[in-house]
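Chains, contacts and geometry: an overview
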Amino acid sequence: MALAALGGNAVLLLELGALLLLLGLLARLADRASLSPIPLYLIVGLILGQLGGDPIAFSGDVIEIGAEIGLVLLLFMLGLEFTADELSDSMRRSLRPGLIDIGLNLTPGVAVGLLLGWDPVAALLLGGVTYISSSGVVSKVLTDLGRLGNRETPAVLSLLVFEDLAMIAFLPLVTVLIAGTGIVDGLGLIALALAAGAGALFVAVRHGESLSRALDTRSDEVFLLTTLGVILLVAGAAEGLRLSAAVGAFLAGLALSRQVAVQARDLLGPLRDLFAAAFFIFFALQIDAASLPPVALAVVGLGALTAATKLLTGSLAARAIGAGAHGQMRAGSVLVARGEFSIVLAGLGVGAGIEPQLGAVAAGYVLFTALLAPLLTRWADPVASRLFAANRSTTVGPPDRG
Amino acid sequence: MPDVDETRLPGVGIRHDFLTEEGKRVGVISHFSGRRSLLLYDTDDPDSCRETIELGEEDLRTLADLLGASHVTEHLANLRQSLKGMAIDWLPVEANSPYAGRPLGETEMRTRTGVSIVALIRGGETIPSPAPDETIEADDTAVVVGTADGIGKALALLRGE
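Keep in mind that what you see is a predicted model, and the values were worked out from it rather than measured.

**Let's talk about the overall build of chain B**
Per the secondary structure count, chain B includes three helices and nine strands. Traced from its N-terminal end to its C-terminal end, chain B shows the element sequence β-β-β-β-β-α-β-α-β-β-β-α. Once local pairs closer than 6 in sequence are excluded, the contacts in chain B between residues at least 24 apart make up 45%.

**Description of the overall build of chain A**
Helix and strand counts for chain A stand at 16 helices and zero strands. Computed over its C-alpha atoms, the radius of gyration of chain A comes to 21 Å, within 12% of the 21 Å expected for a compact globule of 402 residues. Taken over the C-alpha atoms alone, chain A extends approximately 80 × 50 × 45 Å along its principal axes. Burial statistics for chain A: of 402 residues in total, 51% are counted as buried. Sequence-distant contacts in chain A: of pairs separated by 6 or more residues, those separated by 24 or more amount to 79%.

**With respect to the nonpolar core**
L125, A249, F250 and F280 of chain A are the most contacted members of the largest nonpolar core, which has 134 residues in total. Top contributing element to this core by residue count: helix α8 (residues 153-179) of chain A, with 16 residues. The residues contacting L125 of chain A, other than those within four sequence positions of it, are V174, L345, A346, L348, G349 and L358 of chain A. By size, the runner-up hydrophobic cluster in this structure holds 14 residues, among which are L91, Y99, M109 and V115 of chain B.

**Observations concerning the sheet that holds strand β6 (residues 87-92) of chain B**
Residue and element names in this part refer to chain B. Ordered by their spatial adjacency, four strands build an open sheet running β6-β9-β7-β8, and the pairing between neighbours is antiparallel. Because the sheet does not close on itself, it has two edges, and the strands there are β6 and β8 (125-128). Neighbour to neighbour, the strand axes of the sheet diverge by 25° on average, direction disregarded. Pairing geometry for strand β7 (residues 116-122) and strand β9 (residues 141-146), over five bridges, is antiparallel. Bridge pairing in β9 places L120 opposite A142.

**Section: the interface of chain B and chain A**
Residue-level contacts link 21 residues of chain B with 25 residues of chain A. If you list the elements that add at least two residues to the side of chain B that touches chain A, you get β1 (5-9), β2 (13-19), β3 (25-31), β4 (36-41) and β5 (49-55) of chain B. Residue composition of the side of chain B that touches chain A, by class: nine nonpolar, seven polar and five charged.

**Topic: the sheet that holds β5 of chain B**
Residue and element names in this part refer to chain B. Within the open sheet, the five strands sit side by side as β1-β2-β3-β4-β5. Their pairing is antiparallel. Single-partner strands in this sheet number two, and they are β1 and β5. Between one strand axis and the next, the sheet turns through 20° on average, direction left out of account. Alignment of β4 against β5, held across six bridges, turns out to be antiparallel. Note that in β5 the partner of L38 across the bridge is I53.

**Examining the environment of K140 of chain A**
Mapped onto the secondary structure, K140 of chain A falls in helix α7 (residues 135-144). Exposure remark for K140 of chain A: the 16 C-beta atoms within 10 Å place this residue in the partly exposed category.

**Overview of unusual backbone geometry**
All names here are of chain B. Residue E108 is not a glycine yet carries a positive backbone phi of 45°. Residue placement: E108 occurs in the loop between β6 and α2 (109-113). Assessed through the 11 C-beta atoms surrounding it within 10 Å, E108 is described here as exposed. Phi is positive for S129, which is not a glycine, with a value near 40°. Among the structural elements, S129 can be located in the loop between β8 and β9.

**A word on the packing of α8 of chain A against helix α15 (residues 340-352) of chain A**
All names here are of chain A. Close contact between α8 and α15 brings their axes to 10 Å; oriented N to C, the two are set at 15°. In terms of orientation, α8 lies roughly parallel with respect to α15. As for the relative orientation of α8 and α15, their crossing is right-handed in sense. Residue-level inspection shows V174, T175 and I178 of α8 in contact with α15, the latter providing L348, G349 and A352.

**Things to note about helix α5 (residues 95-115) of chain A**
Residue and element names in this part refer to chain A. In this model α5 runs 30 Å from its N-terminal to its C-terminal C-alpha over 21 residues, within 8% of the 30 Å that 1.5 Å per residue would give. Remark: the principal bend of α5, roughly 25°, maps to L106, with a proline, P108, within the next four residues. For α5, every residue scored as buried is listed here: P97, G98, D101, L104, N105, L106, P108, G109, V110, V112 and G113. Of the surrounding elements, those touching the buried residues of α5 are α6 (120-131), α8 and α13 (292-320). Positive backbone phi, at 80°, marks G117, one or two positions downstream of α5.

Cut-offs used in this document
Residues numbered from 1 in each chain as written. Chains lettered and ligands numbered in written order. Predicted model: local features only at pLDDT ≥ 70, side-chain atom pairs only at ≥ 80, totals over all residues. Helix = DSSP H or I, 4+ residues; strand = E, 2+ residues; numbered from the N terminus. Contact = placed C-beta atoms within 7 Å. Rg over C-alpha atoms; globule rule 2.2 N^0.38 Å. Buried ≥ 20, exposed ≤ 12 C-beta atoms within 10 Å, placed from the backbone. Core = buried A, V, L, I, M, F, W, Y, C linked by C-beta atoms within 7 Å. Pairing = 2+ DSSP bridges. Axes fitted to C-alpha atoms, helices over the stretch in contact; angles between N-to-C directions. Nonpolar A, V, L, I, M, F, W, Y, C, P; charged D, E, K, R; others polar. Parallel < 35°, antiparallel > 145°, perpendicular 65-115°, else oblique. Left-handed = near helix turned anticlockwise from the far one by under 90°. Expected span 1.5 Å × (residues − 1). Bend = angle between axes of the 7 residues up to and from the residue.

Treat this as a map of the structure, not an account of what it does.
See the structure below:
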């Protein structure tokens, strides 16, 4: 190739630049259409994978390292999203909708995984893929459509918090199962993970303020470097203890208080976006496109089924806090979008090579729900109007206050 | 005041909302980031917002000023009746007052009459909680709080009697 004559560094920069520019254009398109850019990133990754290594001959390693950092930042920001107070509050208040969410949305994934003849661990991971809604997409939709003030919104947010909480147990569990260690060793790791989780929550509740004060600084530069350093250290230590970097980063995010969280979200958000893009590309690169058609039917079936179960989950949760028919429909439909964390969970399995089809199914599934969810979200109000037009009295108004 | 509902929005902030006399629901979200959103609820579907208005810090001050002005006057009017034994009054500072053009502190009003000056009104503007070094000018109006007796003495003091 003529490009090679330019020297490695020049080609590396050209490759990365072209890739980022392409992703930027796609993200812009997605933003216009109020869609999540993640499916587009996945498609780019899939195509690059089919073209062979040529287009990213020099930047492949950089993308792989970027993907690792992207995973850490994605989970750190997930942990950051809610404070320990909100988690314990949600544990008490939305236990019922939260458990319904697990029952209705984890089960189909596990069942389909087993039907496909997968290893039980891979099936459990697929359950995680279908269970966890994309908090990124949900919060963007709620903000963009001006729904933050709506009556059903606290129910939606509480479900997201609960899913976050469920991840504290789920992530270490699957990590240990993937490692496939003996029972004694496995139990030891689970105990270690739970202890680390409890430790992080304890630190967050008791010492969150002082911990955050240590990080708090007026200088953005100091904050960025120290926080990123701490996150990577914690993630690395967790990986060293075989808890996986993902678990470590998630717990580190949980332990920080609101004040630091706001600053961290502003400063680390752009970095997360950059490295997460690398993560999604790298994930899709590992998928053999030829493995997609055989699972297409399973993907569409699973997508339709779990769209229905999420719709039901959200509706029930919204009804429990007194939202009317429209609100219930809106709450259900907005939760249908799965995204970044479904890919993260599938990525754990793909990285360990436990099931060759897992990557393809997860990618196809996220593509499908990401296309379906915005349509459902936009149709929620008209559909609710039609369904309940004859029976408007079922709409629960605001409580009467004399 | 009507009942104000408080709802926690995990990861976002806190929402306050109430029903206006007219029966419409209005709310405010205080985001953790410090931003505020003003919410106007739909009358047909009371669960959803017809309009969400994002307010920056500057907008917030402007809106608070616009709404606050009438709010304060109303509160003062209520105050007049609600505090037994306390009175609030608007005292004119005439051109021949010995204190016109002199710092507020020199009147020693609180020590001498037990009355506090809570605001000075100059032209159309209000100077709330004026500092002792604030100059009193002729044609100012002093908003004072104290006993009825004290206010009589304060008026005499300002007139130089």
